[in-house]
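For reference, the chains in residue letters:
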Amino acid sequence: MYHSWLDRWDERRAKRGDDVKDVTDFALGSELAFPGAGRMESIADFCALANLAVADKTFFEEPDRSALRPENKDGWIKFPSSISTEVEENNSVWAKVTECGSRDQALVVFHHWNASKRYRQLARFFSRRGITVFEIAMPYHFERSRPGSLHADSMLSPNLGLTIQSVRQAVLDGRKLIRWLKSDGYKEISVLGMSLGSWVAGLVAAHDPSVSKAALLLTGGSLADMVWTGRATRSIRDSLAPEIDLETLRRAWAPLNLENYVHRLARTDFEIQMVLAKRDKVVLPENSQSLVRKLQDSGARPGILGLNCGHYSLSIPPYILCAGISVAKLLKPGD
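Cut-offs and rules
- Residues numbered from 1 in each chain as written.
- Predicted model: local features only at pLDDT ≥ 70, side-chain atom pairs only at ≥ 80, totals over all residues.
- Heavy atoms only, no water.
- Pairing = 2+ DSSP bridges.
- Helix = DSSP H or I, 4+ residues; strand = E, 2+ residues; numbered from the N terminus.
- Axes fitted to C-alpha atoms, helices over the stretch in contact; angles between N-to-C directions.
- Contact = heavy atoms within 4.5 Å.
- Parallel < 35°, antiparallel > 145°, perpendicular 65-115°, else oblique.
- Left-handed = near helix turned anticlockwise from the far one by under 90°.
- Nonpolar A, V, L, I, M, F, W, Y, C, P; charged D, E, K, R; others polar.
- Expected span 1.5 Å × (residues − 1).
- Buried < 20%, exposed > 50% of the residue type's maximum accessible area, 1.4 Å probe, protein only.
- Arc of directions from axis to C-beta.
- Polar contact = N/O pair within 3.5 Å; in protein donor to acceptor, adjacent residues only side chain to side chain.
- Salt bridge = Lys/Arg side-chain N within 4 Å of Asp/Glu carboxyl O.
- Phe/Tyr/Trp six-rings, centres within 6.5 Å; stacked < 30°, edge-to-face > 60°.
- Lys NZ or Arg CZ within 6 Å of the ring centre and 35° of its normal.
- Core = buried A, V, L, I, M, F, W, Y, C linked by side-chain atoms within 4.5 Å.

Asker: I'd like a rundown of the sheet that holds strand 1 (residues 71-73), residues and numbers included.
Answerer: What the nine strands build is an open sheet, ordered 1-2-3-5-4-6-7-8-9; its pairing is mixed. Bordering the open sheet on either side are strand 1 and strand 9 (303-307), each of which pairs with just one other strand. The mean angle between the axes of side-by-side strands here comes to 20°, regardless of whether they run parallel or antiparallel. Sheet topology note: the strand 2 (residues 76-80)/strand 3 (residues 92-98) ladder contains five bridges and is antiparallel. The partner of proline 80 across the bridge, within strand 3, is serine 92. Sitting on the sheet, helix 4 (residues 120-127) touches strand 3, strand 4 (105-110), strand 5 (132-136) and strand 6 (188-194), and the angle it makes with strand 5 is about 155°. Packed onto the sheet, helix 11 (residues 285-297) meets strand 8 (271-277) and strand 9 and runs at close to 160° relative to strand 8.

Asker: Could you give an account of the packing of helix 5 (residues 160-183) against helix 6 (residues 196-207), naming the residues involved and the relevant values?
Answerer: Between helix 5 and helix 6, whose axes approach to 9 Å, the crossing angle comes to 55°. Between helix 5 and helix 6, the crossing angle belongs to the class labelled oblique. Considering only the axes of helix 5 and helix 6, their crossing is right-handed. Counting all contacts with helix 5, which are made through Val167, Ala170, Val171, Arg175 and Ile178, the residues of helix 6 involved are Val200, Leu203, Val204 and His207. Here the contact of helix 5 with helix 6 is composed, by residue class, of seven nonpolar, one polar and one charged.

Asker: Which residues make up helix 3 (residues 43-55), and what values go with them?
Answerer: Compared with the 18 Å implied by 1.5 Å per residue over 13 residues, the 19 Å span of helix 3 between its first and last C-alpha is a close match. Phe46, Cys47, Ala50 and Ala53 are the residues of helix 3 that are buried. Viewed along the axis of helix 3, the buried residues span an arc of 110°, placing them on a single side of the element. Relative to its buried face, helix 3 has exposed residues pointing more than 90 degrees away, namely Ala44, Asn51, Leu52 and Ala55. Structurally, helix 3 contributes buried residues whose contacts are with helix 2 (30-33), helix 5 and helix 9 (246-252). Of the residues flanking the start of helix 3, the one acting as N-cap is serine 42, its side-chain oxygen 3.2 Å from the backbone nitrogen of alanine 44.

Asker: Let's hear about the pattern of salt bridges: which residues, and what values?
Answerer: In the structure shown here, the tally under the stated rule is 15 salt bridges. Between arginine 146 and glutamate 86 there is a salt bridge, and its shortest N-O distance comes to 3.6 Å. In this pair, arginine 146 is assigned in the loop between strand 5 and helix 5 and glutamate 86 in the loop between strand 2 and strand 3, connecting sequence segments 60 residues apart. Given a relative accessible area of 72%, glutamate 86 falls into the exposed group. With a shortest N-O distance of 2.8 Å, aspartate 225 and arginine 250 are connected by a salt bridge. With aspartate 225 in helix 7 (residues 223-229) and arginine 250 in helix 9, this residue pair connects regions lying 25 residues apart in the sequence. You can call aspartate 225 buried: its relative accessible area is 15%. Here the residues in one salt-bridge network are Glu61, Arg175 and Asp208, joined through shared partners.

Asker: So what's going on with the packing of aromatic side chains? Which residues, and what values?
Answerer: Note on aromatic pairs: each is described by the distance of the centres and the angle between the planes. For the coordinates displayed, the defined rule picks out seven aromatic pairs. Taking 6.3 Å as the distance between ring centres and 85° as the angle between the ring planes, the aromatic pair formed by phenylalanine 60 and tyrosine 261 counts as edge-to-face. Placement of the pair is phenylalanine 60 in the loop between helix 3 and strand 1 and tyrosine 261 in the loop between helix 9 and helix 10 (262-265), with a sequence separation of 201 residues. Each member of the pair, phenylalanine 60 as well as tyrosine 261, is classed as buried. For the pair phenylalanine 134 and tyrosine 186, a centre-to-centre distance of 5.7 Å together with 85° between the ring planes defines the contact as edge-to-face. Here phenylalanine 134, found in strand 5, pairs with tyrosine 186, found in the loop between helix 5 and strand 6; they are 52 residues apart in sequence, far enough to count as distant. As far as burial versus exposure is concerned, phenylalanine 134 and tyrosine 186 are alike and both buried. Taken together, the ring pairs in this structure connect Phe34, Phe46, Phe59, Phe60 and Tyr261 into an aromatic cluster. For arginine 129, the ring lying beneath its charged end belongs to phenylalanine 125, and the centroid distance is 3.7 Å. Above the plane of the ring of phenylalanine 59 lies arginine 168, whose end atom (NZ or CZ) is 5.1 Å from the centre.

Asker: If you had to explain unusual backbone geometry to someone new, which residues and values would you point to?
Answerer: Here proline 317 and proline 318 are connected by a cis peptide whose omega angle stands at 5°. Inspection of the secondary structure assignment puts proline 318 in the loop between strand 9 and helix 12 (319-331). One non-glycine residue, tyrosine 140, adopts positive backbone phi at about 65°. Locating tyrosine 140 in the fold gives a position in the loop between strand 5 and helix 5.

Asker: Which residues make up the nonpolar core, and what values do they have?
Answerer: Most often, soluble globular proteins have nonpolar side chains that are buried together. Phe134 and Val191 are the most contacted members of the largest nonpolar core, which has 83 residues in total. When residues in this core are grouped by element, the largest group, ten residues, is from helix 5. Among all residues touching valine 191, those that are not within four sequence positions of it are Leu107, Val108, Phe110, Ile178, Ala201, Val204, Ala205, Val211, Lys213, Ala214 and Ala215. If you look at the next biggest cluster of nonpolar residues, it comprises 25 residues, including Val109, Leu218, Val327 and Leu331.

Here is the structure:
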């Protein structure tokens, strides 16, 4: 009875996505996805560039590594994004800082898609444990929102190239923040991501050796599968399905598939904790388990906490408390 109630509660939350009326039409957007690429009409050519991007070690590298001097005032920092877009607000990165009074540990938090507020309780929970928390705004969210838009429809959309650009922008912004944290004296840097934010956190950790630990909550490997099969992204699939099939979407979004970088996540000086929801209808359990298997096959030994809840009900007790405790154990300094 209780789990049936949880399932209905999750379904009500997921239905909010059905009310989004301003979903963009399908588009390739190759000029957005791949720096230097022009506009193309062939999906085969797009997928070829995507395949090259997976092998390109510089695809998720900052194009400009000059000294960063962010604005730092009243618990907020602000700095220019590594990617310039047509939305002016999106070109500045904001992060909420919850201090702990020590530079021993920093935690960079990447929120979920269409988040309406930051994770204040999570930030307090970890700051009380000696960790300074930086809650970064992902592209088109919070202070970076497109004027007049109620949804971050440019972060995840049927425009294949725009989605790649947005996720890549989030990764580059996170790496720029981490580079500054290292220069500012933080000894250990970890990342935490929730849902779509877990893909960003995973990509950051895979490409940035400065990250020593990652907590990935409600995560999977293939972003294409998440969008195609997930309850919250039904409107995006409806725009994609008349134009391409799932296998083609997997090839097009290969640079965003965490399974393509498991060898980077299996490095010996890195720890990873995954929190998964067994009743998840947004990131289906088979998507999560596929990533787990690929990590294990690559030699990684991720910590796995599976909770009998749904995607959205992870946010309520006792599940969120169990998740918090598992992440706190990961972030606890070693003896």
